[in-house]
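Structure assessment
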Amino acid sequence: MQPKDSILMKVPALGLPALLVGTLLFFSMLMPGKFLSASTFESMAFQMPELGLLTLAMFLPFVSAGFNLAIIVTANLCSLLVAWMWVTFIPADAGIVLQLIWLVIGFASACVIALVIGGGIGAMVAYAGVHPTLTTLGVMTLIKGIGIAVTGGRPIRGMPPVIQYIGNGTVLGVPMPLVVFLLAAIITAVLLGRTQLGKQVYMSGSNINATYYSGVDTHKVLIAIYMYSSLMCVVAGLVMTARFNSANMGYGDSYLLLTVLAIIMGGADPNGGFGKVWGAVLALLVLQIISTGLNLYGVSPHISLAMWGVVLIFTLAIKYCNRRWYIPWVQRRQAEKRLAVA
């Protein structure tokens, strides 16, 4: 179970706000008058939710000491399904009501597919005892092969106006993708922090055997984790389809590393049992600022991709140093203070 006063959680959390301010100041000084502009922040608000929703899809498996390599292909397969339905069954002159009806039908159909995928992954992990990485690697390969075989690797284009609005519209000046992401983040945070299932997810990540012998049905918990992860993939696929006005099995391939990076930067323990949604959200904001700043400065996307790997390794090294030296030092200081007081 996740202790509220855990030093391990406080160390990275305290550094993220400073890193956020530091990156803002760095790019503002590097590109005066260009980085700090309304258009730049609007662009970030439209771009970040795609990665953010996929990060939420990865979050529960990660906290439970698992992994879901199939989040990208699940999002793409579900988006291909709903895109095919919308393009096939919505007439070009369809009104708003008919478009909304087919939006609901398509989304519900994608959720069914996602629940089957997530339930299958969870069952293999829980009952067959297959490692989550191997399970999701196999599922990822299977889904990607099916999606490419069915579409021939070609995108499905031409989404209805209502769908495009989800990816490119605004509500009271706030981009719709950001609204969707924040709602999903709130739901995930409430699920983990305020429900019995959330407590069981943390317990399973800390010690799944102890959780099982304490009376928790860890099999059902694991299945629920991967089903929820797949549902988040549906929302991510919907936003990507709306943003790009098309669906394709190749979208978002570079996001997998970034989801892991955001979760670890946000304070989650790679060994499971610890992690806060809002820490990951803050880390996503930092990563988006860095990505946008590098893009505006003209840095090659290939160099940026390599840099994310360096950042991930550096973050893991910092967490190791915290665990190996800093946390024991703090604990010794606290023990010395208690002895001095006594």
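Just above sits the structure.
Below is a summary of the structure that appears in this document. (Residues numbered from 1 in each chain as written. Predicted model: local features only at pLDDT ≥ 70, side-chain atom pairs only at ≥ 80, totals over all residues. Heavy atoms only, no water.)

Attention now moves to the nonpolar core. Ranked by internal contacts, the top residues of the largest apolar core, which has 100 residues, are L53, L56, F59, I71, W86, F181 and V277. The element that contributes the greatest number of residues to this core is helix α10 (residues 218–244), accounting for 14 residues. Ignoring any residue separated from it by four or fewer positions in sequence, one finds F59 in contact with L192, I263, G275, K276, V277 and A280. (Core = buried A, V, L, I, M, F, W, Y, C linked by side-chain atoms within 4.5 Å. Buried < 20%, exposed > 50% of the residue type's maximum accessible area, 1.4 Å probe, protein only. Helix = DSSP H or I, 4+ residues; strand = E, 2+ residues; numbered from the N terminus. Contact = heavy atoms within 4.5 Å.)

To continue, consider unusual backbone geometry. Unusually for a residue other than glycine, A65 sits at a positive phi of about 70°. Within the secondary structure, A65 sits in the loop between α2 (38–63) and α3 (71–89). Backbone geometry at L172 places phi at a positive 55°, although glycine is not the residue there. Relative to the helices and strands, L172 is located in the loop between β2 (170–171) and β3 (174–175). Its relative accessible area of 87% is what places L172 among the exposed residues.

Now for the environment of A247. Assignment of secondary structure puts A247 in strand β4 (residues 246–247). For A247 and W84, which are 163 residues apart along the polypeptide, the C-alpha to C-alpha distance reads 8.8 Å. Filtering out sequence-adjacent residues up to four positions away, A247 remains in contact with S79, L80, A83, P155, I156 and T241.

To continue, consider the packing of α3 against helix α4 (residues 96–126). Their axes nearest at 9 Å, the elements α3 and α4 cross at an angle of 150°. In terms of axis orientation, α3 runs roughly antiparallel to α4. The two elements α3 and α4 meet at a crossing, and its hand is right-handed. Judged by residue contacts, T74, L77, C78, L81, V82, M85, W86 and F89 of α3 engage W102, L103, I105, G106, F107, S109, A110, I113, A114 and I117 from α4. The residue makeup of the contact of α3 with α4, split by class, is 15 nonpolar, 3 polar and no charged. (Axes fitted to C-alpha atoms, helices over the stretch in contact; angles between N-to-C directions. Parallel < 35°, antiparallel > 145°, perpendicular 65-115°, else oblique. Left-handed = near helix turned anticlockwise from the far one by under 90°. Nonpolar A, V, L, I, M, F, W, Y, C, P; charged D, E, K, R; others polar.)

An ideal rise of 1.5 Å per residue puts 39 Å on 27 residues; α10 measures up with 39 Å between its terminal C-alpha atoms. For α10, a buried count of 20 out of 27 residues is recorded, marking the element as mostly surrounded by other parts of the structure. Positive phi appears at N245, one or two residues downstream of α10, with a value of about 60°. (Expected span 1.5 Å × (residues − 1).)

Taken as a whole, this structure holds 2 salt bridges when the rule is applied. The salt bridge involving E50 is made with R243; its shortest N-O contact spans 2.7 Å. Here the residue E50 occupies a position in helix α2, and R243 occupies one in helix α10, the gap between them amounting to 193 residues. The exposure class of E50 is buried, given its relative accessible area of 2%. Of the charged contacts in the structure, one is a salt bridge between K144 and D253, with a shortest N-O distance of 3.8 Å. Here D253 lies in the loop between β4 and α11 (255–265) and K144 lies in helix α5 (residues 132–151), a separation of 109 residues in the sequence. Given the relative accessible area of 44%, D253 is considered partly exposed. (Salt bridge = Lys/Arg side-chain N within 4 Å of Asp/Glu carboxyl O.)

Glancing now at the packing of aromatic side chains. One pass over the full model with this rule turns up 8 aromatic pairs. Consider the rings of F35 and F41, whose centres lie 6.3 Å apart with planes at 65°: the pair is edge-to-face. Taking relative accessible area as the criterion, F41 reaches 36% and is therefore assigned partly exposed. Centroid distance Y212 to Y213: 5.3 Å. Interplanar angle 80°. Geometry classified as edge-to-face. Judged by relative accessible area, Y212 falls into the partly exposed class, the value being 42%. (Phe/Tyr/Trp six-rings, centres within 6.5 Å; stacked < 30°, edge-to-face > 60°.)

This part covers the environment of M58. In this fold, M58 is placed in helix α2. Owing to a relative accessible area of 0%, M58 belongs among the buried residues under this scheme. The spacing of M58 and L137 is 79 residues in sequence and 14 Å in space, taken between C-alpha atoms. Not counting the four nearest positions on each side in its chain, M58 is found in contact with F67, N68, I71, S229, L256, T259, V260 and I263.

Once that is clear, we can look at a nonpolar patch on the surface. Taken together, the side chains of L182, L183, I186, V190 and W278 define a hydrophobic patch exposed on the protein surface, amounting to about 450 Å² of accessible area. Tallying contributions element by element places helix α7 (residues 176–194) first for the nonpolar patch, with 4 residues. Checked against the element boundaries, L183 lands in helix α7. (Patch = residues over 30% accessible without salt bridge, like charges linked within 9 Å, V, L, I, M, F, W, Y side chains within 5 Å. Areas by Shrake-Rupley, 256 points an atom, 1.4 Å probe, with all protein chains shown as cover.)

To continue, consider the state of the cysteines. Cysteine pairs can be covalently joined through their sulfur atoms, and such a bond is termed a disulfide. A full pass over the atoms with the stated rule returns 0 disulfides. Left without a disulfide partner, C111 is nearest to the cysteine sulfur of C78, which lies 7.7 Å away. (Disulfide = S-S within 2.5 Å.)

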